[in-house]
Every structure is written in structure tokens, then in C-alpha cells.
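Residue-level listing of the chains:
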Amino acid sequence: MFGIGMAYVGLLILLPMAALAIRTAQLSPQDFRRVLTSAETVAAFKVSFGQAFLAALFNTIVGLPVAWTLARYKFPGRKFLELWIDLPFALPTAVAGIAICGLYSPRGWIGSCLEPLGIKVAYSVNGIFVALVFVGIPFVIRTLQPIIENLDVSEEEAAACLGASRFYTFRRVILPSLKPAILTGFSMAFARGLGEYGSVIFIAGNIPGESEILPLRIVHALESYDYNGATILAAAMLLVSFIMLAAINALQRRHA
Amino acid sequence: MNNSNSLTSISEPTWARRLLIAFAFLHVALLIMLPFASVIAQACADGLSTFRTVFRSSDTRHAIKLTLLIALCAVPLNVVIGTCLAWGVTHLKLPGKRLIMAVLDLPFSVSPVVVGLLFILLLGKNSACGAWLESHGIKIIFAFPGLLLATLFVTMPFVAKELIPLMEGHSRDEEDAARLLGAGWLRIFWKITLPEIKWGLLYGTILCTARAMGEFGAVAVVSGNIRGRTNTLPLHVEALFQDGELSAASAAASLLALLGLVSLAARTITDIRKRKREDSAPAGSLTQTK
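Being a predicted model, the structure only gives us computed values, none of them experimental. (Residues numbered from 1 in each chain as written. Chains lettered and ligands numbered in written order. Predicted model: local features only at pLDDT ≥ 70, side-chain atom pairs only at ≥ 80, totals over all residues. Heavy atoms only, no water.)

To continue, consider the overall build of chain B. Secondary structure summary: chain B contains 14 helices and zero strands in total. Ordered by position from the N terminus, the helices and strands of chain B form the series α-α-α-α-α-α-α-α-α-α-α-α-α-α. Considering only C-alpha atoms, chain B reaches an extent of 60 × 60 × 30 Å along its principal axes. Counting the 290 residues in chain B, one finds 50% classified as buried. Contacts spanning at least 24 positions in sequence make up 72% of the contacts within chain B whose residues lie at least 6 apart. (Helix = DSSP H or I, 4+ residues; strand = E, 2+ residues; numbered from the N terminus. Buried < 20%, exposed > 50% of the residue type's maximum accessible area, 1.4 Å probe, protein only. Contact = heavy atoms within 4.5 Å.)

As C-alpha cells, this is what we get:
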């Protein structure tokens, strides 16, 4: 039975990956130069990696206190909050996209408040950031929460007995032991944000060279039957994200 | 987990706690509940007639049917295979277990658009496979089989990832005892392993179903967006949105939003069941199933 399962994984997942690798290997250096040095591609790389990084960073900074609250305190409505934290996992990305677009468009609930201030969210890079924050919320919180629940409280007690303030204990005792989990949550949110397509295309406005993400460039290449271009973009994206994830992994092992 | 609360000296001052709790509520309300409420509000903006028009149109009905059909094919296959994989990874002595786990993570870390591209490269017109298939009159890309393959790819790991920690967690004593007493592997699985993992299996299945019905990127690339033929419900939402019909698109989207809520409710129920089991049965004893 396990053999059938492995054969299935091989056919369904590894075979298509191999097709991409073979196709990439067959392309000429000129093709790579043409696709990778075009101004739109460079801009899309910057937008995709930049916004995915910022959104993951935001989710990490904001997610840590939320995870702490959910793990340590007992208060009415805690279960209710936990339920909602998982919603971005379960909500189809098209729904997330349309929801955020409606909310931040100049006529939407939040968009109409921001417009007089001169802040444009919908149909700009800021829209990408907002969408990626939404889809990335559960990763950091869900990774951190069980770790915080299982922290050894006696270390905190020791620090308190030795006269450390709560803030000092947090910075010097608690935070270091959470570091690997923070990195894991960050990298998961980052990877998800980098590949995200459905929710972003609704709100980004998709202006080439300005608010166009890499996955959308791949779709555009496919629509104009530029299969080589799409292959190169996909391979480059996979390569860069694998390198980044490997780097985060190495960083984690050093801290663990 | 609340042992810190009993000792005030090692917990935060009350004002800080209240602030943090307020922050958590604000976070969830602003970033998660508000977008959710806004879809529903947009769908209802022009009254309930929007729902009637949207769900009466033949394109929407076809999209719903297609989405259900894909889920009906993809979910059972991935549940069975996922269970086999989880069983193999936890019960067999295998070289390269970490490699298998890494492969199981692949569908999560590859962009959905790239998943679609993979299948176009493998089975599209320009590939060797695709040319052969086309000469035999079999159409995969821009047709149902392509949609199914893309969905299978992105939903593959859910069940296995949910079951592996569960199967690793509980002791193998009962299975070994059953084997010594002469039970076949199917009977062991049915009577001993399955009752242990059933809530995890159910939750994995629900996640898999939600993703199968909600997948957008991978399906968008291989579908070719032919309305009334290869448009699934999420793709239909986008098509309506591109037409500038925000409230119609939101009405179609709220059906999908319901799917998200159902899976969350199911998660809560499985969580409660699991906790009840853990409370009533001390772990590691042979009598725990009775």
C-alpha cells in the first residue's frame, strides 16, 4: 500500500517537477538573459520578494503578542479568537481577495477613511502588502502558540527570583528560546506570501513594472504562449526561494 | 499552561495583560473579521435579488457542479493515499524519511501558479506527452483532467501531514498485541489504528476538501477560463469581478466563505473531541480504548 502511495507521489509531484527541470536545462543562455533582465521582471522580483518580506515581518511582530496572549492568559472569548485566527487558512484565496479589495477600495469601509489622508491601498503595492498580511496571519501565531504553552516556567521564576524585571526576563530568557519558532513562522509566512496569487490579483491593480507580482508575470507569459519565459521565471523563483528557506533553516539550526 | 497566572511575581502586571488581550481582540477584529464581514455586506448591498440572479445563471450552476465534481474525485483519492503514506512513514523503517517529508512539503511551498505551469509543461500541446495524447484525442490541459491533476497536486499533503504526528504520538503496543494474537493488517488498521486517528483523519479530510474547492492559482492556469465549461466557482468569482459586478462576485464568493466557516467549525468540534479523549484516558495504558 505504501508502495502505491510513493508511486503516486512520484507521478503526481516529482514527475512534473522533473519536467520543469528538464525544460529549464534545454533553454539557451540568451533566453535567460532576455527574460531575467527585462525591466518588468526585475520590478516583479522586487515587488514579490519585498512585499512578501514586509508582510511576513509585520505578521511576526504583531503575531508574537497575540500568540503570547492566547497561550498564557485565560479570558472570555479566547476560544472564539483562536477560531478566527485560522480563518485565512480555510478561506479560499479568491474570497480573501474580493473581501480585501472591497474593504480597501476608495468606496470601502477602510478605504474611504484612508483616502482623505492620501493613502492609496487598493490598486497599488500597498494592496499587495495588505493581502499578504491577511493570508500569512495564522502561520506565525500557530507556530508560536504551542511553543509558548510548553515553555519551562521555572526559568522565568529563576529570573524573577534573581531580581530581573519582567521586561528583562522577556528579552533575555523568553525571547531567545522562542527564536527558532519565530524564524519558522516567519519563513512559512514568507513562502506563502511569495507564491500567493489568488488574493493579490484582485487588489493589486496589476500595473506592469509597479504592482505586478511574479506569479502574475508567469501567467502573462503563458497567456502569450511564451512557455520558455514562464519556465525561466518559475525556475528562478523556485531557486531563490529554496535558497532563502535553506538559509533560514541554517540560521535556525545555529540557534537551536 | 496557566501556571504562570498563579504566581504574580513572574507574570505581567494587570494593565499589561489587559492591554495584550485588547490587542489580540483588535487584531482579529480588524485584520480577519472585518474583511469577512465586508464580503457578506458587499453581497447584500443590492438586496437579496443579487443572490437570486447569480445562483440562477447557468454559468454559476455549472461552476458549482464542476467544483463539487473535482472535490468528489480528488478528496477520496488523496485521503486514501495520504493515510497509506502516513502509515508507511511512521510504521516502516525507511531510509530517507526526511526526504519523503520534504517532498510532502513541496505542494505547500511551490506557488500555485507554478503548479499549473508544471502540468502545462508536462502535458501541454508542446510537450512529447501532450502531443501523443492529442494524437489519441485525449485532452488534459484546458479540460477536466487538467483541473483534477492540479487540484490533486495542491491537496496531496493535507491528510498525511495531519496524521503523521498523530501516528507517531501513540504507542504501538496495541497493534503489536493484535498482531501476536493473529489479526490481519486490515483488521488491525480498522479496529485499532483507525479509532486512534479518526478525528485527525476527519480534520485532514475537511482541510483537503476546503482547499480542493477553493483552489485558485493552480486551477486558473490549467483551466483556460472557458465560462460554462472549465470555470470552477473560485474562477467564476474572478470572472464576475473582472466584469465589474462586485456584488454578484461577492454573492458567489460568500458561498465559498461559508465553506471556510464550516471547516473552522469542524476544527473546533474535532479539537473538543480530542481533548475529551485525552482527559478520559491516561496515555500509554492498554485499557485506554475502553
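Here we take up a nonpolar patch on the surface. Among the surface-exposed residues, Met 1 and Ile 4 of chain A together with Trp 185 and Leu 186 of chain B lie close enough to one another that they form a single nonpolar patch of about 510 Å² accessible area. With respect to the helices and strands, the residue Ile 4 of chain A is situated in helix H1 (residues 2–26). (Patch = residues over 30% accessible without salt bridge, like charges linked within 9 Å, V, L, I, M, F, W, Y side chains within 5 Å. Areas by Shrake-Rupley, 256 points an atom, 1.4 Å probe, with all protein chains shown as cover. Salt bridge = Lys/Arg side-chain N within 4 Å of Asp/Glu carboxyl O.)

Our focus in this paragraph is the pattern of salt bridges. Residues and elements named next belong to chain A. Counted by the stated rule, this structure contains 15 salt bridges over all chains. Arg 78 is paired through a salt bridge with Glu 82; the nearest N and O atoms lie 3.5 Å apart. Within this pair, Arg 78 and its partner Glu 82 are both found in helix H4 (residues 78–85), separated by four residues, close to a single helical turn. Accessibility assignment for this pair places Arg 78 and Glu 82 in one class, buried. Among the salt bridges present, the one from Glu 82 reaches Lys 79, with a minimum N-O distance of 4.0 Å. Within this pair, Glu 82 and its partner Lys 79 are both found in helix H4, separated by three residues, close to a single helical turn. On the basis of relative accessible area, Glu 82 is assigned to the buried category, the value being 10%.

On to the packing of aromatic side chains. One pass over the structure, following the stated rule, counts 17 aromatic pairs over all chains. Pairing Phe 49 of chain A with Phe 190 of chain A gives two aromatic rings, centres 6.3 Å apart and planes at 45°, and the pair type is tilted. Placement of Phe 49 of chain A in helix H3 (residues 39–72) and of Phe 190 of chain A in helix H10 (residues 166–195) is noted, with a sequence separation of 141 residues between them. Of the two residues, Phe 49 of chain A and Phe 190 of chain A, both sit in the buried class. Residues Phe 75 of chain A and Phe 25 of chain B carry aromatic rings whose centres are separated by 5.8 Å and whose planes lie at 65° to one another, so their mutual orientation is edge-to-face. Linking Phe 75 of chain A in the loop between H3 and H4 with Phe 25 of chain B in helix H2 (residues 14–44), this pair reaches from one chain into another. Looking at Phe 75 of chain A, the relative accessible area reads 11%, which means it is buried. (Phe/Tyr/Trp six-rings, centres within 6.5 Å; stacked < 30°, edge-to-face > 60°.)

Residue and element names in this part refer to chain A. Segmenting chain A into domains produces domain 1 (1–29) and domain 2 (38–255). Here the C-alpha centre of domain 2 lies 29 Å away from the C-alpha centre of domain 1. Counting residues at the interface gives five residues for domain 1, matched by seven residues for domain 2. Surface buried jointly by domain 1 and domain 2 totals about 530 Å² across both partners, of which 79% is contributed by carbon and sulfur atoms. Its largest share of buried area at the contact with domain 2, domain 1 owes to Leu 20, Arg 23 and Leu 27, together 75% of the area lost on that side. Taken together, domain 1 and domain 2 are joined by zero salt bridges. Between the two partners, domain 1 and domain 2, sit one residue pair in polar contact (both at pLDDT 80 or more). (Domains from an automatic or database assignment. Buried area = accessible area lost by both parts, 1.4 Å probe. Polar contact = N/O pair within 3.5 Å; in protein donor to acceptor, adjacent residues only side chain to side chain.)

Moving on, we get to the nonpolar core. Formed by 166 residues in total, the largest nonpolar core has its most connected members in Tyr 104, Leu 144 and Ile 218 of chain A. When neighbours within four sequence positions are excluded, Ile 218 of chain A is seen to be in contact with Ala 230, Leu 233, Ala 234 and Met 237 of chain A together with Val 113, Val 114 and Leu 117 of chain B. (Core = buried A, V, L, I, M, F, W, Y, C linked by side-chain atoms within 4.5 Å.)

On to the domain arrangement of chain B, then. Residue and element names in this part refer to chain B. Domains assigned within chain B are domain 1 (11–44) and domain 2 (58–280). For domain 1 and domain 2, the distance between their C-alpha centroids amounts to 31 Å. Contacts between the two partners involve five residues from domain 1, matched on the other side by eight residues from domain 2. Roughly 490 Å² of surface becomes buried between domain 1 and domain 2 when both sides are summed, with 78% attributable to carbon and sulfur atoms. Among the residues domain 1 hides against domain 2, the three largest losses belong to Phe 36, Gln 42 and Ala 43. Together they make up 73% of the total. Applying the counting rule to domain 1 against domain 2 returns zero salt bridges. Here domain 1 and domain 2 share one residue pair in polar contact (both at pLDDT 80 or more) between them.

A word on the interface of chain A and chain B. Contacts between chain A and chain B engage 80 residues on the former and 84 residues on the latter. Across the chain A/chain B interface, buried area totals approximately 7300 Å², and carbon plus sulfur atoms make up 81% of it. Summed over the shared surface of chain A and chain B, the number is two salt bridges. One salt bridge connects Asp 86 of chain A with Arg 267 of chain B, and the closest N-O pair in it is separated by 3.2 Å. Our count for the contact surface shared by chain A and chain B stands at seven residue pairs in polar contact (both at pLDDT 80 or more). The dominant element in the side of chain A that touches chain B, judged by the number of residues it contributes, is H1 of chain A, at 14 residues. For the side of chain A that touches chain B, the class distribution of residues is 60 nonpolar, eight polar and twelve charged. (Nonpolar A, V, L, I, M, F, W, Y, C, P; charged D, E, K, R; others polar.)

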